[in-house]
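Coordinates in review
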Amino acid sequence: MSSGSELPADAAQGYLRVEQSPEFKDLRSRFRRFVFPMTAVFLIWYFAYVLLGAYAHDFMAHKLFGNITVGLVLGLLQFVSTFAITMIYVRWANRVFDPAAEKLAASVGLTEHEGGEQR
Amino acid sequence: MNALAAAESTKVGNSTVNILIFAAFVLVTLAIVIRASRNNSTAADYYAGGRAFTGRQNGIAISGDYLSAASFLGIAGAIAVNGYDGFLYSIGFLVAWLVALLLVAELLRNTGRFTMADVLSFRLRQRPVRTAAAVSTLAVSFFYLLAQMAGAGGLVALLLGIDGKAAQSVVIAVVGVIMVFYVLVGGMKGTTWVQIVKAALLIVGAAAMTVWVLGKYGMNMSDLLQGAVDNSKSGTDVLGPGLQYGKDSTTKLDFVSLGLALVLGTAGLPHVLMRFYTVPSAKEARNSVVWAIWLIGIFYLFTLVLGYGAAALVGPDKILAAPGKVNSAAPLLAYELGGEVLLGVISAVAFATILAVVAGLTITASASFAHDIYANVIKKGTVDSAGEVRVARITALVIGVIAIVGGIFANGQNVAFLVALAFAIAASANLPTILYSLFWRRFNTRGALWSMYGGLGCALILIIFSPVVSGKVDKAGKATSMITDTSIDFHWFPLDNPGIVSIPVGFFLGWLGTVTSKEKSDDAKFAEMEVRSLTGAGAEKAVEH
């Protein structure tokens, strides 16, 4: 069992040592500085849209051109923002986060600690 | 007028064509499942497809899992009948994936093995936390499963012209038997391939119909909307929100509650979480979600066109008069556009959808029972992987029987609340616990138990005492609750969806349980979890065959 059972003492020390290292703290704060604000942004934008949909009917039903209403455009913008945040995140993760995480894992020799399936 | 005749008869199209296309789908998928089952010896093979799927394959399978009959037939129908309000659903279902992408998928893949409970119990006391996580998993899967099985009865009634309750029960039993076969023989590998085939058929079919509908209006969305406006009693109101949820302040609040449950529920759905273990690495888990977001997003854009297209070309009155009511919008539109053959194809896709989703739920529930309850709580981790898989197979069989019996019992009932309930439980019981255990060092066993049992209990109680179970009547005085006897009314909670109360309660109880417990968090395990979740060190690898 990789989860649940006690780790050998040296492995547990290894994880603790890595967690306390400035490199890991830097990686963690980089991750949180990216995903937490991004999460706040899309949740606020989504709830603003839901509240407009629930309480601002006239505004949402206002026609911009032809039969295209404000609500339709805002709804489609939710799709656009979801796709955009996805692309921004993947770009950041592939270019910034993954190399840093791999470098850290390799430098502390944790890559082949346990892992793999017991067959 | 073909469509008029179709709406007036009890069935649409040609049952023989529909049955032939269904049978072809079942045969093809059975062949795939049997082929995929050759390497199904270990628990990692059976539960996680050997972790050998690529991000793209898994992403397609996730969209197959997620685009259930409710989101294909349900959303298209809701837009056709209620206009813009139907569109609002699809946005909640889509945006929810950002929670999974940013906060859950990769960290979960790096820390767990097979189930949600692996992550939740990682640094907490194993047995109580695993038990709670399994209870919540089984509850969510059961409600979701029951809704799909009951939906199968109604759908088949529409498509095959089977009206009698007994004949519909036979159909539900057949769905159950095929599903159990997929899961027993194919395991996660077979189930995943069924989902991939189904997702491809669904998306290609919807794309073709979308282009066809837009083509009829010279590729002009505004003209299509005009068609929907002309055909609706509500006129231009179909273009803005409010037709379904705008009646009074209670329904408006209900809509906000639903929006909350949708956006926070997806990342706590056990059958979605389990799919992240079928890929070899966190990076592939990320790619899975990216593929899923694109496919699901594009599909919901298609449903926008299909819904308004059904309103314009078929008309809300004809849709509501058809046997499947709101759910028949997409099949009726297919019939209007491409006659019997297109109807048969779209019907087969809808049928395939139910089969695939039900199979995914069954494997999740059986894994949760075998891996969490049997192997880790009862046997305390001393059982080998073959023994665990044997128990998982037996559990799948039992779940199949429960699903068939439950589906027959629930056939014809108002079961929409079951899916809403599944999302509300996932958002109130699972998501707070997952987020706390990944991000909050102090979180401890009592916090996990309180947030899971508290969120689950709160959602369940509020649903039982809500208008969906008793006491709701429509304008004509006809009961629209699950209990159709209007003299029985024990509801006191005003909203259909409990999310706006139960989700904060789940988060609050997780915090309260943690700060009132003297249990100290295990620093070494938290360090291991943090380092593993972010760097992928020590994560489970793919099985080499």
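Please read all numbers here as calculations on a predicted model, not as lab measurements. (Residues numbered from 1 in each chain as written. Chains lettered and ligands numbered in written order. Predicted model: local features only at pLDDT ≥ 70, side-chain atom pairs only at ≥ 80, totals over all residues.)

Section: the overall build of chain A
A count of helices and strands for chain A gives four helices and two strands. Counting from the amino terminus, helix and strand elements in chain A follow one another as α-α-α-β-β-α. The buried share among the 119 residues of chain A stands at 26%. A separation threshold of at least 6 residues defines the contact pool for chain A, and within that pool the share at least 24 residues apart is 55%. (Helix = DSSP H or I, 4+ residues; strand = E, 2+ residues; numbered from the N terminus. Buried ≥ 20, exposed ≤ 12 C-beta atoms within 10 Å, placed from the backbone. Contact = placed C-beta atoms within 7 Å.)

Some remarks on the overall build of chain B
When you go through chain B residue by residue, the secondary structure sums to 20 helices and zero strands. At 23 Å, chain B has a C-alpha radius of gyration in line with the 24 Å of a compact globule built from 545 residues. Within chain B, the fraction of its 545 residues that count as buried is 66%. For chain B, restricting intrachain contacts to residue pairs at least 6 apart in sequence, the fraction spanning at least 24 positions comes to 82%. (Rg over C-alpha atoms; globule rule 2.2 N^0.38 Å.)

A few points about the interface of chain B and chain A
With 56 residues of chain B in contact, the opposing surface of chain A contributes 54 residues. With 10 residues, helix H6 (residues 84–111) of chain B is the largest single contributor of residues to the side of chain B that touches chain A. Here the residues of the side of chain B that touches chain A are counted per class, giving 31 nonpolar, 15 polar and 10 charged. (Nonpolar A, V, L, I, M, F, W, Y, C, P; charged D, E, K, R; others polar.)

Quick notes on the nonpolar core
All names here are of chain B. Of all hydrophobic cores here, the largest spans 229 residues; its most connected members are Ala310 and Val358. The element that contributes the greatest number of residues to this core is helix H15 (residues 329–378), accounting for 30 residues. Every residue in contact with Ala310, bar those within four places of it in the chain, is listed here: Ala76, Ala80, Ile319, Ala329, Ala330, Leu332 and Leu333. (Core = buried A, V, L, I, M, F, W, Y, C linked by C-beta atoms within 7 Å.)

With respect to helix H4 (residues 55–66) of chain B
Over its 12 residues, H4(B) extends 16 Å from the first C-alpha to the last, a length consistent with the 16 Å expected when each residue adds 1.5 Å. Gly55(B), Gln57(B), Asn58(B), Gly59(B), Ile60(B), Ala61(B), Ile62(B), Ser63(B), Gly64(B), Asp65(B) and Tyr66(B) are the residues of H4(B) that are buried. (Expected span 1.5 Å × (residues − 1).)

Description of the environment of Asp372(B)
All names here are of chain B. For Asp372, the position within the fold is in helix H15. With 29 C-beta atoms packed within 10 Å, Asp372 lands in the buried category. Residue contacts for Asp372: discarding those within four places in its chain leaves Thr115, Ala117, Arg130, Ala133, Ala134 and Val377.

Considerations on the confidence of the model for chain B
All names here are of chain B. With 94% of its residues at a pLDDT of 70 or more, chain B shows a mean pLDDT of 85. When mean pLDDT is compared element by element in chain B, helix H19 (residues 499–516) scores highest at 95, while helix H1 (residues 2–8) scores lowest at 41. Every residue in residues 1–10 scores below 50 in pLDDT, and together they form 15 contacts with partners more than four places removed in sequence or on other chains. Two numbers describe this predicted complex: its pTM, 0.89, and its ipTM, 0.89. (pLDDT = per-residue confidence, 0-100.)

Section: the packing of helix H9 (residues 165–216) of chain B against helix H16 (residues 385–410) of chain B
Residues and elements named next belong to chain B. Where H9 contacts H16, the axes come no closer than 9 Å and their chain directions differ by 165°. Taken as axis vectors, H9 and H16 run roughly antiparallel relative to one another. Here H9 and H16 pass one another in a crossing that is right-handed. Contacts from Ser169, Ile172, Ala173, Gly176, Met179, Val180, Val183 and Leu184 in H9 reach Arg393, Ala396, Leu397, Gly400, Ala403, Ile404, Gly407 and Ile408 in H16. The residue inventory of the contact of H9 with H16, partitioned by class, reads 11 nonpolar, four polar and one charged. (Axes fitted to C-alpha atoms, helices over the stretch in contact; angles between N-to-C directions. Parallel < 35°, antiparallel > 145°, perpendicular 65-115°, else oblique. Left-handed = near helix turned anticlockwise from the far one by under 90°.)

Thoughts on unusual backbone geometry
Trans is the prevailing form of peptide bonds, just as negative phi is the prevailing case for residues other than glycine. All names here are of chain B. Despite not being glycine, Arg51 shows a phi value in the positive range, around 50°. With respect to the helices, strands and loops of the structure, Arg51 is situated in the loop between helix H3 (43–48) and H4. Its identity as a non-glycine residue notwithstanding, Met219 has a phi of 60°, on the positive side. Looking at the element boundaries, Met219 is found in the loop between H9 and helix H10 (221–231). For Met219, a count of 10 C-beta atoms within 10 Å gives the class exposed.

Quick look at the packing of H9(B) against helix H13 (residues 282–313) of chain B
Residues and elements named next belong to chain B. Packing of H9 against H13 brings their axes to within 9 Å, and their N-to-C directions diverge by 40°. In terms of orientation, H9 lies oblique with respect to H13. Every pair of crossing elements has a handedness; the one defined by H9 and H13 is left-handed. Across from Ala199, Ile203, Ala206, Ala207, Met209, Thr210, Val213 and Leu214 in H9, the residues of H13 making contact are Leu295, Phe299, Phe302, Val305, Leu306 and Gly309. A breakdown of the residues in the contact of H9 with H13 according to their chemical character gives 12 nonpolar, two polar and no charged.

Observations regarding the environment of Ala329(B)
Residue and element names in this part refer to chain B. Tracing the backbone through its elements, the reader meets Ala329 in helix H15. For the pair Ala329 and Ile75, spaced 254 residues apart in sequence, the C-alpha separation works out to 9.4 Å. Among all residues touching Ala329, those that are not within four sequence positions of it are Ala76, Gly77, Ala80, Gly307, Ala310, Val314 and Ile319.

Examining the environment of Phe423(B)
All names here are of chain B. Tracing the sequence through the fold places Phe423 in helix H17 (residues 416–439). A count of 29 C-beta atoms within 10 Å places Phe423 in the buried class. A sequence separation of 165 residues divides Phe423 from Leu258, and the C-alpha atoms of the two residues are 9.1 Å apart.

Points about the confidence of the model for chain A
Residues and elements named next belong to chain A. Of all residues in chain A, 82% have pLDDT values of 70 or greater, and the mean over the chain is 83. Of all the helices and strands in chain A, helix H1 (residues 9–20) carries the lowest mean pLDDT, 78, while helix H2 (residues 22–55) carries the highest, 93. Scored below 50 in pLDDT, residues 1–5 makes 12 contacts in the model with residues more than four places away or belonging to other chains. Predicted confidence is poor over residues 112–119, with pLDDT under 50, and the contacts of this stretch with residues over four places away or in other chains come to 16 contacts.

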